[in-house]
Amino acid sequence: MANKHKKKTSLRVLNTPAAPSNRAADFLRQILPHTTGALVLLISTAFFTGTYDSAHVKLTLLQTGSVLLFALWACLKLTERKNPFTRKHLLFLLPLFVYLAWQTLSFVCFPYKLEAAEEFIRLWMYGGIICLAACEFTTQDVKILTKWIVVTAWICLLYGAVQIINIWRPGVDLLPWHGFFGNRVFATHANPNFFGAFVVFVSGIIGAEFLRTHKKSLFVLLGLGLVNLFFTESKGAWLAYAGMCVFAAFTYTNTLARVKKHLVKINVAAVLCLLVALGAAGIYSAKRFQSVSFRAYTWLSAFEMVKDSPILGTGPGSFKIVYPAYRRPQIFYIENAHNTETQHAENELLEQAATGGIVGLTLALWLLTTLFWGTFKALPSADEKRRTYLLGYSTALAGLLLHSVVDISIHFASSGMLLAVGIGSVYALLLDNPPAAQTAAKKPAFPRLLWVMRTVTALAALVTAGYIGREFYLILRNMAAHTAGETILFALSVLTLAGCVGGILYIYGAVLRRTTRVAVCAVLLAVLPLQVFFFRLFAANHYYSLGVALVQMGQPEAALGAFNDAITRNPFLAEYRHYRANVFATTLNLSKQFSPQRGDTEEARTDYDRAIEDFRFVLAHNPNHALLHQDIGQLYYALAMRQLQAAQQVPAQAYFYQELAGENFALAKKAFSKALALDPVNPNTYILLTNMAFMRRDVNEAQHWVDVYFKGPDGVTEPEFLEQHKKNPQLRNMQMHVDKLRENLK
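## Quick look at the overall build of the protein chain
Consideration 1: Looking only at helices and strands, one finds 28 helices and 0 strands in the protein chain.
Consideration 2: Relative to the 2.2 N^0.38 estimate, which gives 27 Å for 746 residues, the radius of gyration of the protein chain is 30 Å and therefore close to what a compact globule would have.
Consideration 3: Over its C-alpha atoms, taken along the principal directions, the protein chain stretches across nearly 130 × 70 × 55 Å.
Consideration 4: Out of the 746 residues belonging to the protein chain, those deemed buried represent 54%.
Consideration 5: Long-range contacts, defined here as pairs at least 24 residues apart, represent 75% of the contacts in the protein chain between residues at least 6 apart.
Consideration 6: Charged side chains in the protein chain number 69 positive and 47 negative. The centres of these two groups are separated by 17 Å.

Here it is in structure tokens:
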């Protein structure tokens, strides 16, 4: 009887159905690599001409996409009830965590955080993407990501080929930005250098994928990339490509025993590639030596920054704020402009040292050293597929980093995303994450609350989608398609937005339908305000662009409305307020009135009051902006001229108005002096200072400012630069007026 009972029990156990798998976790694990790959594709191919910086859409995609990725990762870990950072992960990622912690400390100590915040947040987004890939991606996930990158390469490189054909067959490229860089090809990237960085990165991955699959189409794609790279005329990208080839040859021949017999041939080919790149770079440098000079002077200035803050640095995102105080005057001659601001050091080693100090640079090098050393150690023992991907991604990463020694591309979304994906993928391949074990689904602890949260999150997602659609409609409403290319671009932008919003709604619906956890719904709900926030930043950039266009068309009053819309959507960026202040300084309506259309919220003000408030905001967050001090001085100057006119029109109060004018002229002179300390090349500043001396009939001071300009800035010895001072027609005319004033005073 006992044995019989035991037999029945065992049969019941065998016949018990297996617990259902965790459908939410399965879906999330599958969607993460696809979402990452789609984000790479979107950031690399998206371009939108409705913003002042046409690449701003790439930044918006990075911001919204990163937030979505982090939310999905959090949902996965909540569903699995697992800690994403195992002991092994923490050991591998320790250099990254220490680096990010040091950068955070440096940022906290930097006084002008608002202007640096966007880049600091982006740094943490890259760090999050690296951690996600390192902790979650398997070799199969890297394969999926590689397929997305290859598709992205086809799109960008084929369009680059269209731009090449357009050089000899104008009209082939219908899109509105063709020819923006002359005959230099830039495809869907912000400039040829950024496109060059993209070609270098994807070529490393395509080459390795060709070694694995031997597909002829990949060999064609590799050749197409090389052709595109040549037509970018990016000398740094050529050198990076050649250096990448040397790295790939060294790595391939020294880690794989079966290719030892080809060692000499492969290394010779790599060295020849490097020599050809050096020769081509030398020839084009001689043709466009301006870019070489620009980098040399920028590096010298950045080195001065390092010497003044060698330990802590100035903080991530601070370079564009601090650098103008160190900038060499030669930069203004080379750029032939005074309204441009250098945002990065054109050398990543110098930038890391300037913003993170020597400690920050050391930590960055530690991170990269452990990454590449780990690659060399892992390659010989890795299986065929993992070995190929390790070789491809480490080679691509090496090329991108080599390019960063002479360029700034990794500080922008398209190349920055590639850098994060490259580092994360190498980490994942080194960790060799096994496929996740199946977990059983659990019944919801609070079924009714779960139903409520599902409903609320779904409705909130639909409302968010509607809001974003409405905002984008308002943007397109301000634009007009005048050519077939612009019509195509508008259609593509609408389809892309619809695809992104539809894709996110699909992911939300799939997760909400499968999840049994209230916390997952809460995470998805919490992300939606961030998506709206980042899209509003994109919309703000569009209205800023619209305002700039209206100013250029001579419609300052209409421009004010656009700038107000930009500031409403992004009240943090000082640049928007700077432009609005300049418009107020142009209109300069001195009658006090309350005008919401002009940004008033509490009390009646004059345009002077409004301009001063905006200028003070900008000054508090970006004190080293040369044109800011110039514009403030011009505001005081314009007000003083109005007061001198009032003195003539109202003789009874002439003394009062003259005193006010004198005070404002003094403030203008103070602001112009600060502008000259940052930009001693701008002739307009000297002209205004000379004019103020004329009004006081002070011939000595007038002559002083003319002489200072003719002499040239201290430290400038190049004859071609100094000659521009001596031959400036405006200052020569000023010298004639000084001579006449001197004669009249005799």
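## A few points about the packing of helix 7 (residues 192-213) against helix 16 (residues 413-431)
Consideration 1: Between helix 7 and helix 16, the least distance of the axes is 10 Å, while the angle of their chain directions is 25 degrees. Judged on the interaxial angle alone, helix 16 and helix 7 are roughly parallel. For helix 7 against helix 16, the interelement crossing comes out left-handed. For the pair formed by helix 7 and helix 16, the contact residues are Phe194, Ala197, Phe198 and Phe201 on the first element and Ser415, Leu418 and Gly422 on the second.
Consideration 2: Along the lines of polarity and charge, the residues of the contact of helix 7 with helix 16 split into 5 nonpolar, 2 polar and no charged.

## Observations concerning helix 2 (residues 23-45)
Consideration 1: Look at helix 2: 33 Å from first C-alpha to last across 23 residues, which is about the 33 Å you get at 1.5 Å a residue.
Consideration 2: Within helix 2, the axis deviates most sharply at Ile31, by approximately 30 degrees, and proline Pro33 lies no more than four positions further along.

## Considering the side chain of Ser595
Consideration 1: Summarising the element assignment, Ser595 is placed in the loop between helix 21 (574-587) and helix 22 (607-621).
Consideration 2: Not counting residues within four places of it along the chain, the set of residues in contact with Ser595 comprises Asp600 and Arg610.

## A look at the packing of helix 19 (residues 518-552) against helix 20 (residues 556-569)
Consideration 1: Direction vectors running N to C along helix 19 and helix 20 enclose 160 degrees, while the axes themselves pass 8 Å from each other. With respect to each other, helix 19 and helix 20 are oriented roughly antiparallel. Crossing handedness for the pair helix 19 and helix 20: left-handed. Facing Arg536, Leu537, Ala539, Ala540, Tyr543, Tyr544, Leu546, Gly547, Val548, Leu550 and Val551 of helix 19, the residues of helix 20 in contact are Ala558, Ala559, Ala562, Phe563, Asp565, Ala566, Thr568 and Arg569.

## Concerning helix 5 (residues 113-136)
Consideration 1: Taking 1.5 Å of rise per residue, the 24 residues of helix 5 would be expected to cover 34 Å, and the 33 Å separating its terminal C-alpha atoms lies within 8% of that figure.
Consideration 2: The buried fraction of helix 5 amounts to 18 of the 24 residues, a majority that puts the element mostly inside the structure.

## So, a nonpolar patch on the surface
Consideration 1: A surface patch of nonpolar side chains, amounting to about 520 Å² of accessible area, comprises Phe446, Leu449, Trp451, Val452 and Val456.
Consideration 2: For Val452, the position within the fold is in helix 17 (residues 447-477).
Consideration 3: Given a relative accessible area of 39%, Val452 falls into the partly exposed group.

## A closer look at the environment of Leu312
Consideration 1: If you trace the backbone, Leu312 turns up in the loop between helix 11 (289-308) and helix 12 (319-322).
Consideration 2: Taking the C-alpha atoms as reference points, Leu312 and Val359, separated by 47 residues in sequence, lie 7.1 Å from one another.

## Comments concerning the state of the cysteines
Consideration 1: Taken as a whole and assessed by the stated rule, the structure comprises 0 disulfides.
Consideration 2: No disulfide involves Cys135; its sulfur sits 5.9 Å from that of Cys131, the nearest cysteine.
Consideration 3: Judged by its relative accessible area of 7%, Cys135 is buried.

## Describing the side chain of Asp141
Consideration 1: Locating Asp141 in the fold gives a position in helix 6 (residues 139-168).
Consideration 2: Here Asp141 occupies a buried position and makes no salt bridge, while the nearest side chain of opposite charge, Arg29, is found at 8.0 Å.
Consideration 3: Polar side-chain contacts of Asp141 include one of 3.0 Å to the backbone nitrogen of Thr138.
Consideration 4: If sequence neighbours within four positions are ignored, Asp141 has contacts with Pro33 and Glu136.

## Examining the packing of aromatic side chains
Consideration 1: The final tally for this structure, using the stated rule, is 30 aromatic pairs.
Consideration 2: Ring geometry for Phe250 against Phe376: centres 6.2 Å apart, planes inclined by 80 degrees, an arrangement best described as edge-to-face. Within this pair, whereas Phe250 is found in helix 9 (residues 235-255), its partner Phe376 is found in helix 14 (residues 348-378), the two being separated by 126 residues in sequence.
Consideration 3: You can call Phe376 partly exposed: its relative accessible area is 23%.
Consideration 4: Considering the side-chain rings of Phe656 and Tyr657, the 5.5 Å spacing of their centres and the 65 degrees angle between planes classify their relative orientation as edge-to-face.
Consideration 5: Judged by relative accessible area, Phe656 falls into the partly exposed class, the value being 47%.
Consideration 6: An aromatic cluster is present here, built from Trp168, Phe230, Phe231 and Trp238 joined pairwise through their rings.
Consideration 7: The residue whose ring lies beneath Arg577 is Phe617, and the NZ or CZ to ring-centre distance is 4.3 Å.

## Quick notes on unusual backbone geometry
Consideration 1: Look at His214: it is not a glycine, yet its phi comes out positive at around 60 degrees.
Consideration 2: Here His214 lies in the loop between helix 7 and helix 8 (216-232).
Consideration 3: If you check the backbone angles, Arg697 has positive phi at about 55 degrees while not being a glycine.
Consideration 4: With respect to the element layout, Arg697 can be found in the loop between helix 25 (683-695) and helix 26 (699-711).
Consideration 5: For Arg697, a relative accessible area of 48% translates into the label partly exposed.

## Focus on the pattern of salt bridges
Consideration 1: In the structure shown here, the tally under the stated rule is 27 salt bridges.
Consideration 2: In this structure, Arg569 engages Glu471 in a salt bridge whose closest nitrogen and oxygen atoms are separated by 2.9 Å. You can see Arg569 sitting in helix 20 and its partner Glu471 sitting in helix 17, a full 98 residues away along the chain. For the residue pair Arg569 and Glu471, the accessibility class agrees, reading buried in each case.
Consideration 3: A salt bridge links Arg598 to Asp607; the shortest N-O distance between them is 2.8 Å.

## A word on the confidence of the model for the protein chain
Consideration 1: In this model, the protein chain carries a mean pLDDT of 87, and residues with pLDDT of at least 70 account for 91%.
Consideration 2: Under a pLDDT of 50 for its full length, residues 4-19 has, in the predicted model, 1 contact with residues more than four places off or in other chains.

## What about the environment of Ala208?
Consideration 1: You can see Ala208 is positioned in helix 7.
Consideration 2: As for Ala208 and Phe186, which are separated by 22 residues in sequence, their C-alpha atoms are 24 Å apart.

Rules behind the numbers
Residues numbered from 1 in each chain as written. Predicted model: local features only at pLDDT ≥ 70, side-chain atom pairs only at ≥ 80, totals over all residues. Heavy atoms only, no water. Helix = DSSP H or I, 4+ residues; strand = E, 2+ residues; numbered from the N terminus. Rg over C-alpha atoms; globule rule 2.2 N^0.38 Å. Buried < 20%, exposed > 50% of the residue type's maximum accessible area, 1.4 Å probe, protein only. Contact = heavy atoms within 4.5 Å. Lys, Arg positive; Asp, Glu negative; His and termini not counted. Charge placed at Lys NZ, Arg CZ, Asp CG, Glu CD. Axes fitted to C-alpha atoms, helices over the stretch in contact; angles between N-to-C directions. Parallel < 35°, antiparallel > 145°, perpendicular 65-115°, else oblique. Left-handed = near helix turned anticlockwise from the far one by under 90°. Nonpolar A, V, L, I, M, F, W, Y, C, P; charged D, E, K, R; others polar. Expected span 1.5 Å × (residues − 1). Bend = angle between axes of the 7 residues up to and from the residue. Patch = residues over 30% accessible without salt bridge, like charges linked within 9 Å, V, L, I, M, F, W, Y side chains within 5 Å. Areas by Shrake-Rupley, 256 points an atom, 1.4 Å probe, with all protein chains shown as cover. Salt bridge = Lys/Arg side-chain N within 4 Å of Asp/Glu carboxyl O. Disulfide = S-S within 2.5 Å. Polar contact = N/O pair within 3.5 Å; in protein donor to acceptor, adjacent residues only side chain to side chain. Phe/Tyr/Trp six-rings, centres within 6.5 Å; stacked < 30°, edge-to-face > 60°. Lys NZ or Arg CZ within 6 Å of the ring centre and 35° of its normal. pLDDT = per-residue confidence, 0-100.

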